[in-house]
Amino acid sequence: MNTKNILKFCVIGSVGVATLGLTLVFNASPAVAHGERSQEPFLRMRTAQWYDTRWNPGKTAVNDEAMLSGKMHIAEDWPRAVVRPTRTFINVGSPSSVFTRLSSKVNGTPMFTSGPMELGGDYEYVIKLRARLPGHHHIHPMLAVNGAGPIAGPGGWMDITGNHKDFTNPIKLLVGGTVDTETAGLAQGIFWHILWGGLGFLWIGWFMVRPMFLIRARVLAQEGGDELMNDPADRVAAYVMLGVCFTIIAIGFFVTDSQYPYTVPLQAGAPLIKPTHLQSDLTMKVLAADYDVPGRALRMTLTVTNNGETPLRIGEFTTAGIRFLNKVGVANNMDPNYPAEIMALDGLNMEDDSPILPGETKDIKIDSRDSLWEFQRLMDLVHDPEQRFGGLVMSWDDSGNRHINSISGPVIPVFTRAQG
Amino acid sequence: MALFRTAEIIKASKLPPEGVKLSRMIDAIYFIPIAYFGVFATFHMHFDLLAGDWDFWIDWKDRQFWVTVTPIVEVMYPGAIMYYFWTFYRQPFGATLSITGLLVGKWITIVLAWYWWANFPANFVMPATMVSSALILDCTLLLTRSWMLTAIFGVWAFAMMFNPSNYPLFAYSHQPVVVDGQLLSLADYMGFTFVRTGTPEYIRIIEVGSLRTFGGHTVWISAFFSAFISMLMFTIWWQVGHFVGQSFFWVKGKRGVRYRKNDIMIVGTDEYALRHGTLPGVPAPVLEGKS
Ligand SMILES: [Cu+2]
């Protein structure tokens, strides 16, 4: 290879590095969504059905506490292609640990480790957080299912101001004293790495000061070469090094053992969380549903019976963390802090929006129509291995009591306007 | 009297002074940029693929799997690298080279990937160290000059010393804390408090299996088991070193037939010239003390 070729390679290499660098810079900075929309629609619609999600408060300073809370219904119609939720963990979907998690309770039970969840069960989670890294962060509740992976809930923005350097996360030890999780054990860890690393480099250096390779290889190829290279100085050094190693290990172990007389192994039990169940005076059955691809709408016909005492009106259909509301829903269930980009305030239409009277059974045609179906990539439903949809239908009586039904059923795609 | 036998070794190499000088330049270029960086980059990748999570996270370092998996994986590369440096150069630093190299890679990752890019504090992703074990392994090879004895005694100590030499680094993380009325180790709490979106809690394998039942001495039982598997691994990887480190080349004989020569280290020496002849115009060497 001549000089010109080497130069060429250098130029090509630098262009490559520059391209990679630019890609990283431009791709990393507008971290708007981190892939939640790429999850398959049937996974998002028929596994964890999220509602009442709250990001509170939306703005915090470093070290302030915040709360991520909400409810989750585990769909009865859990897809066959997804492993059952026998080992699950309610997690926080965030770009790195922008918050630390102080406490996480699901239906009042602390959830430090993974545990089973029941199909058809309802779970309310309250996650206490402490602001750690300044920035504008997209935060999701997340259900991680062993064997299926993380299932992201709706994402909301949380802003953190201040300086990461001021962050502390103290925790009280059972035997007394407090440590900070940001720095605990750091100094001694670095000390031991430097100590052992130093001895390691010293050992290699002992052989580097003498001819290392070519000369030794030539000598080794001769008769008696092996003998000659068995240098007494090396044998002494090896005995000394063995002595030093065993002594340091012993001192380190016994001193540490007396320093921490009370230790516990890692804890890995599973919390047993009792589910609650959705309450509704309505019973609902999906008669038929189709998905209007060009019109970006899910149209369903439900047979609804009111078994209660008061008339009820349907106000919201929520699926995959995306909410479709009508006037009833807006009046009863409007959280001004809910991210507008995953909510369609005029997204739910009914041909007949008269209330469902006590004792009445009727077929209702519901149309949830919004560009969100496409923008949130739920239109990809047609590419899923199971052509079924799911979601939660919410209804209210006149005094504002909410009734929630989890529905699911087969869905037929409609590809052209003529077909519909 | 000189500390080392360097002068005798140089004399025995029969290289002229300029050859000795050149060989030191080759040492410098070959050792640091090629051998050391090559080993640290590939060993780091190999180790992270096989035992990465155990080494990354403080709340994975249990008494059973961490203690079992780490020595088994960390003895593989040293086995092959030790074969190479010992067989061809009688250099007893293969294990120390591999494992300090691994840690150089680890610390680059901790600073650049974990701390700077992903914003995790370094104590949360503190790696274990096996440099102490590596030194013991290298010293055993130097003193026994036998890979078999090294596999039996050196590797045994390599695995058994893993827990006591790392206890000073991680004992603090086993102090008990109480959160929401539940007892946790500090390590569990750190795993909980630092949010890992893509690594949910259930991925951890904490003392699953029956080793736990041996009277509570889980860690020593695991280390013992690990030592036996490590011996096997060391032997296998020593043979991998042997397979990969084969050195031969093709020589054209007097009648124009090509044949394979295995002892390449003899090339260029007087013995070689005596056995295989010299180039036209070069007189045959005369060996002292031999006829
Ligand atoms: Cu997001």
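In this report, the structure presented in the accompanying data block is examined. The model shown is predicted, which means the values in this text are computed figures rather than measured ones. (Residues numbered from 1 in each chain as written. Chains lettered and ligands numbered in written order. Predicted model: local features only at pLDDT ≥ 70, side-chain atom pairs only at ≥ 80, totals over all residues. Heavy atoms only, no water.)

1. Notes on the overall build of chain B
Just so we agree on the cut-off: Helix and strand assignments follow DSSP, with helices taken as H or I runs no shorter than four residues and strands as E runs no shorter than two, numbered in order from the N terminus. Computation of the radius of gyration draws on C-alpha atoms alone. For the globule rule, the value is 2.2 Å times the number of residues to the power 0.38. Residue burial is assigned from relative accessible area. The probe radius is 1.4 Å, only protein chains are included, and a residue is buried under 20% of its type maximum, exposed over 50%, and partly exposed in between. In what follows, a contact means two residues having at least one pair of non-hydrogen atoms within 4.5 Å. Here the open area of atoms and residues is found with the Shrake-Rupley method and a 1.4 Å probe, where only the protein chains shown may cover a residue.
A count of helices and strands for chain B gives 11 helices and 4 strands. For 291 residues, the compact-globule formula gives about 19 Å, and the C-alpha radius of gyration of chain B, at 25 Å, lies well above that figure. C-alpha extents for chain B along the principal axes are approximately 90 × 50 × 40 Å. Per-residue burial over chain B gives 57% buried out of 291 residues. A separation threshold of at least 6 residues defines the contact pool for chain B, and within that pool the share at least 24 residues apart is 67%. Per element, the accessible surface of chain B, about 12900 Å² overall, is 70% carbon and sulfur.

2. Considering the sheet that holds strand β15 (residues 313-319) of chain A
All names here are of chain A. Going by this rule: A pair of strands counts as paired when DSSP detects no fewer than two bridges linking them.
Read from one edge of the open sheet, 5 strands run β17-β16-β15-β20-β21, paired in mixed fashion. Sheet topology places β17 (343-344) and β21 (402-410) at the edges, where each strand pairs with a single neighbour. Taken together, the 9 bridges between strand β20 (residues 388-396) and β21 define a ladder with antiparallel strand orientation. Bridge pairing in β21 links Met-394 to Ile-404.

3. Brief notes about the pattern of salt bridges
Put simply, the test is: Just to be clear on terms, a salt bridge is a Lys or Arg side-chain nitrogen sitting within 4 Å of an Asp or Glu carboxyl oxygen.
Across all of its chains, the model carries 27 salt bridges over all chains by this definition. The closest approach of N and O atoms between A:Arg323 and A:Glu316, which form a salt bridge, is 2.9 Å. The burial state of A:Arg323 is the same as that of A:Glu316; both residues are buried. Put simply, B:Asp55 and B:Lys106 hold a salt bridge, and the shortest N to O gap is 3.1 Å. In this pair, B:Asp55 sits in helix α2 (residues 17-56) while B:Lys106 sits in helix α5 (residues 94-117), placing the two residues 51 residues apart along the sequence. For the pair formed by B:Asp55 and B:Lys106, the shared burial category is buried.

4. Let's talk about the sheet that holds strand β18 (residues 348-350) of chain A
All names here are of chain A. Heads up, the condition is: The convention used is that axes are lines fitted to C-alpha atoms, helices contributing only their stretch in contact, and that angles between N-to-C directions extend from 0 to 180 degrees.
Here 5 strands make up an open sheet; going across it, the order is β18-β19-β14-β13-β22 and the pairing mixed. Single-partner strands in this sheet number two, and they are β18 and β22 (412-414). Each adjacent strand pair in this sheet contributes to an overall mean axis angle of 30 degrees, direction not counted.

5. Overview of the interface of chain A and chain B
We apply this condition: Accessible-area loss on putting two parts together, using a 1.4 Å probe and summing over both, is the definition of buried area adopted here.
Taken residue by residue, the interface counts 99 residues in chain A and 105 residues in chain B. Carbon and sulfur atoms make up 69% of the area that chain A and chain B hide from each other, which totals about 9500 Å². It is A:Phe112, A:Phe213 and A:Leu266 in chain A that bury the most area against chain B; as a group they hold 10% of the surface buried on that side. Here chain A is connected to chain B by 2 salt bridges. A salt bridge links A:Asp226 to B:Arg90, with the nearest nitrogen and oxygen atoms 2.5 Å apart.

6. Side note on the packing of aromatic side chains
Put simply, the rule is: Side-chain rings of Phe, Tyr and Trp, where Trp is taken by its six-membered ring, are said to pair if the distance between their centres is within 6.5 Å; with planes under 30 degrees apart they count as stacked, over 60 as edge-to-face, and otherwise as tilted. Distance and angle both matter: a charge sits over a ring if NZ of Lys or CZ of Arg is within 6 Å of the ring centre and within 35 degrees of the ring normal.
Counted according to the given criterion, the structure contains 47 aromatic pairs over all chains. Between B:Phe31 and B:Tyr36, the ring centres sit 6.5 Å apart and the planes meet at 55 degrees, which makes this aromatic pair tilted. Between the aromatic rings of B:Phe88 and B:Tyr89, the centroid separation amounts to 6.5 Å while the plane-to-plane angle is 70 degrees, which identifies the pairing as edge-to-face. Residue B:Phe88 shares its accessibility class with B:Tyr89, and that shared class is buried. For A:Arg101, the ring lying beneath its charged end belongs to B:Phe192, and the centroid distance is 4.8 Å.

7. Points about the nonpolar core
To keep it simple, the criterion reads: Side-chain atoms within 4.5 Å are what join buried Ala, Val, Leu, Ile, Met, Phe, Trp, Tyr and Cys residues into a set we call a nonpolar core.
A:Trp196, A:Trp203, B:Phe93 and B:Leu97 are the most contacted members of the largest nonpolar core, which totals 107 residues. B:Phe93 has contacts with A:Trp203, A:Ile204, A:Phe207, A:Met212, B:Phe31, B:Phe85 and B:Asp138, leaving out every residue within four places of it along the chain. Core analysis: the next-biggest nonpolar cluster, separate from the first, contains 71 residues, A:Met158, A:Leu282, A:Leu298 and A:Phe324 among them.

8. Looking at the pairing of strand β14 (residues 297-306) of chain A
All names here are of chain A. For β14, a buried count of 8 out of 10 residues is recorded, marking the element as mostly surrounded by other parts of the structure. Examined bridge by bridge, strand β13 (residues 282-292) and β14 share 10 bridges and lie antiparallel to one another. Directly across from Tyr-291, in β14, lies its bridge partner Leu-298. Hairpin connection from β13 to β14: 4 residues lie between these consecutive antiparallel strands, with Arg-296 at a positive phi of about 50 degrees.

Take it as geometry only, folks, not as evidence of what the structure does.
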